[in-house]
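# Examination of the molecular architecture
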Amino acid sequence: MKANTTDLTNGLASKANTADVTAGLASKADQTAVTAGLALKADQSALNTATDAIALKANTTDLTNGLASKANTVDVTAGLASKADQTAVTAGLALKADQSALNTATDAIALK
């Protein structure tokens, strides 16, 4: 028994044309290229973690304003240099008379 020509023609007409299939496949991305391209992209979980970590950092405006409210190191150093040395002050005070002894001596002189 042979195939009916009409049935065969209708069956072939319902199939994709080889040229159309080839052209359609050519317009699709190569799986190897897609896999390689995806490997270069950031992992979403890692990206979310990094984004969360960055959100915890100070922003530039806050940092600049905070630093502006702090004393300048040069000014602090210059200010400290104009102050008396603690050792020199202590040594200078040791050379001065004791107030209690001075009062006693003054009272003794007054009684004479």
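As a starting point, this report considers the structure included with it. The structure displayed is predicted, hence computed values, not measured ones. (Residues numbered from 1 in each chain as written. Predicted model: local features only at pLDDT ≥ 70, side-chain atom pairs only at ≥ 80, totals over all residues. Heavy atoms only, no water.)

Counting secondary structure elements, the protein chain contains 8 helices and 0 strands. Ordering the α and β elements of the protein chain from the N terminus gives α-α-α-α-α-α-α-α. Reported as C-alpha extents along the three principal axes, the dimensions of the protein chain are approximately 160 × 25 × 20 Å. Across the 112 residues of the protein chain, 0% fall into the buried class. Across the protein chain, 9 positive and 10 negative side-chain charges occur, with their mean positions spaced 3 Å apart. (Helix = DSSP H or I, 4+ residues; strand = E, 2+ residues; numbered from the N terminus. Buried < 20%, exposed > 50% of the residue type's maximum accessible area, 1.4 Å probe, protein only. Lys, Arg positive; Asp, Glu negative; His and termini not counted. Charge placed at Lys NZ, Arg CZ, Asp CG, Glu CD.)

Within the element layout of this structure, A23 appears in helix α2 (residues 18-26). Look at A23 and you get partly exposed, because its relative accessible area is 48%. C-alpha of A23 to C-alpha of G11: the two residues are 12 residues apart in sequence and 22 Å apart in space.

Among the secondary structure elements, N17 is positioned in the loop between α1 (5-13) and α2. Residues N17 and D98, 81 residues apart in the sequence, show an inter-C-alpha distance of 117 Å. A distance of 2.7 Å separates the side chain of N17 from the backbone nitrogen of A19, its partner in a polar contact. (Polar contact = N/O pair within 3.5 Å; in protein donor to acceptor, adjacent residues only side chain to side chain.)

Scope: geometric values only; no functional claims are made or implied.
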